[in-house]
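Residue strings, one per chain:
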Amino acid sequence: MPINLENEKLIQKFLYGEMPEEERFEFEERFITDANLFQRIKVSEDELIEKYVRGWMNPAERSEFEQNFPTTAKRRERIEFSRQLFNKIEEQKQKSVLVKKNERITAEESVWDKLTGLFLTPKTAMAAAFAVLVVVFGSWILYQNLGTLKTEVVKNQNSDISETPQRTFSPTPEISPENIKPESENNAENPNIESVETPAENTNELIKETPKPDKTDEVIKQTPVLKKTPTPQTAPNPVLALFAGTLRSGGKNNVLKLPENAKGAVLLLNLESIDYKIYRAELTDADGNLLFQKDGLKANKSKINLFIPADKLTKGDYLLKLYGKNDSGENESAADFQFRVNR
């Protein structure tokens, strides 16, 4: 079930007992047939209790919770159990923090004791003193040698210092368009060079020419794209919860709203007890005409799911008779269910 603000408000109104009777009956039918909605109601109830116990509610929310929620002994027991559970969890957290802190302090003390213990024994004390002397003496020798490592470059007056000649590179002469002579003049000045015929078209013009677009691209662009026609979707099959008896409390008849595109409807038959292993259902109209029957039905947790095709359900009143097969194989009347269909 998707979580949204409207569903959360409806659930809170249901838990606080603020729903009108008709709206509460419709909401009960919804969560009887929808397991996700029923699970969400349980989660919301646990969250309200946790917020109250942990003190996460503001004064207005806390006052509303205390006035509307703990109306039954079972809810008050759950609140007290949750309070004790959260207090126990907090105590365990504090104990674990103290244990970790003590372990860290003990570990630090043990390391320091080991370090100090090295200098308490005579052997380790002598070794430490000798190591200090070696470090000091080695540092002094290194400092003395640093002065001798500095060298000065002394220039010898008797030695001739010859400079290496540097090569000079003459720049390449640039050729301007004016210095370019026609091919005929070059051939005239140099008769040994054979003339090479060049094409009449100018190369710059050939470079500037853009290629013509391929006709295949135009054909691909002009091909129409076939759009798939959406397939008509059928409406979901509605579910109606029915309880044993002809009318529900308050004298209001059970109404089944059947969409036009629905294939049928599912009737959720709620029994007071499971007295038979196999049941048989018969659907009749207001005149007593038999419209539909189904054998071999089995109850699961005092509930029977019965699917009725849409062509058997027109607008009007219906009576569903449920029979149970006894040990001798005879059908006995088990329950009657009355409802109305609106289309």
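Here's a quick rundown of the structure. What you are looking at is a predicted structure, and each value in this text was computed from that prediction instead of being measured. (Residues numbered from 1 in each chain as written. Predicted model: local features only at pLDDT ≥ 70, side-chain atom pairs only at ≥ 80, totals over all residues. Heavy atoms only, no water.)

### Digging into the sheet that holds strand S3 (residues 264-270)
Threshold: Strand pairing follows a simple DSSP-based rule, namely that at least 2 bridges must link the two strands. We count a stretch as a helix when DSSP gives it H or I for four or more residues in a row; a strand needs E for two or more, and each element gets its number in order from the N terminus. A fitted line through C-alpha atoms represents every axis, and for helices the fit uses only the stretch in contact; the resulting angles, taken between N-to-C directions, go from 0 to 180 degrees. Should any heavy atoms of two residues lie within 4.5 Å, those residues are considered in contact.
Spatially, the three strands line up as an open sheet ordered S1-S3-S6, and their pairing is mixed. Every other strand in the sheet has two partners, leaving strand S1 (239-243) and strand S6 (303-309) as the edge strands with one partner each. Going across the sheet, the axis of each strand differs from the next one's by a mean of 25 degrees, ignoring polarity. Bridge count for S1 against S3 is five bridges, and the pairing is parallel. Opposite Phe243, over in S3, you have Asn270 as the bridge partner. Contacting S1, S3 and S6, helix H2 (residues 21-33) crosses the sheet at an angle of about 105 degrees to S1.

### So, the pairing of S6
In plain terms, the rule: Buried means the residue's accessible area, taken with a 1.4 Å probe over protein chains only, is under 20% of the maximum for its type, while exposed means over 50%, and partly exposed covers the values in between.
Across the two faces of S6 the burial differs, with Ile304, Leu306 and Ile308 buried and Lys303, Asn305, Phe307 and Pro309 not buried at all. Pairing of S3 with S6, which is carried by seven bridges, proceeds in the antiparallel orientation. Residue pairing for S6: Ala265 is matched across the bridge by Ile308.

### Topic: the packing of helix H3 (residues 35-54) against helix H4 (residues 59-68)
Put simply, the rule reads: Roughly parallel refers to an angle under 35 degrees, roughly antiparallel to one over 145, roughly perpendicular to one between 65 and 115, and oblique to any angle outside these ranges. Rotating anticlockwise by less than a right angle from the far helix to the near helix defines a left-handed crossing, while the corresponding clockwise rotation defines a right-handed one. Side-chain classes follow a simple rule in which Ala, Val, Leu, Ile, Met, Phe, Trp, Tyr, Cys and Pro form the nonpolar group, Asp, Glu, Lys and Arg form the charged group, and the remainder, Gly included, forms the polar group.
Interaxial distance between H3 and H4 falls to 11 Å at its minimum, and their mutual angle equals 120 degrees. By the angle class used here, H3 and H4 are oblique. The chirality of how H3 crosses H4 is left-handed. Side by side, H3 and H4 meet where Leu48, Ile49, Lys51 and Tyr52 of the first sit next to Glu61, Arg62, Phe65 and Glu66 of the second. In terms of residue class, the contact of H3 with H4 is built from four nonpolar, no polar and four charged.

### A word on the nonpolar core
Note the following rule: Put simply, buried Ala, Val, Leu, Ile, Met, Phe, Trp, Tyr and Cys residues joined by side-chain atoms within 4.5 Å make one nonpolar core.
In this structure, Leu267, Leu313, Leu320 and Phe339 are the most contacted members of the largest nonpolar core, which totals 27 residues. Contributing elements (two or more residues each) for this core: S1, S3, strand S4 (279-285), strand S5 (290-297), S6, strand S7 (316-325) and strand S8 (331-342). Take this core: its biggest share by element is four residues, from S8. Not counting chain neighbours up to four residues away, the residues in contact with Leu320 comprise Leu267, Leu269, Ala281, Glu282, Leu283, Leu306, Ala335, Asp336, Phe337 and Phe339. Among the nonpolar cores identified, the runner-up in size contains 19 residues, and Leu15, Phe27, Leu37 and Met57 belong to it.

### Remarks on the packing of H2 against H3
Packing of H2 against H3 brings their axes to within 5 Å, and their N-to-C directions diverge by 110 degrees. When the axes of H2 and H3 are compared, the pair comes out roughly perpendicular. Taking contact as the criterion, the partners of Phe27, Arg30, Phe31 and Thr33 in H2 are, on H3, Ala35, Leu37, Phe38 and Ile41. Classifying every residue of the contact of H2 with H3 by side-chain character gives six nonpolar, one polar and one charged.

### Points about the packing of aromatic side chains
As a reminder of what qualifies: Stacked, edge-to-face and tilted labels apply to pairs of Phe, Tyr and Trp rings (six-membered ring for Trp) whose centres lie within 6.5 Å, assigned for plane angles under 30 degrees, over 60, and everything in between, in that order.
This structure, assessed with the given rule, holds six aromatic pairs. When the centroid spacing of 5.3 Å and the interplanar angle of 45 degrees are considered together, the rings of Phe14 and Phe27 count as tilted. Separated by 13 residues along the polypeptide, Phe14 in helix H1 (residues 5-15) and Phe27 in helix H2 bring together distant segments of the chain. The residues Phe14 and Phe27 share a single accessibility class, namely buried.

### Looking at the side chain of Asn326
Going by this rule: In protein, a polar contact requires one atom able to donate a hydrogen and another able to accept it; more generally it is a pair of N or O atoms within 3.5 Å, and residues adjacent in sequence count only if both atoms are side-chain atoms.
Along the chain, the position of Asn326 falls in the loop between S7 and S8. At 2.9 Å, the side chain of Asn326 and the side chain of Ser328 are in polar contact. Among the polar contacts listed, one links the side chain of Asn326 to the backbone nitrogen of Gly329, at a separation of 3.1 Å.

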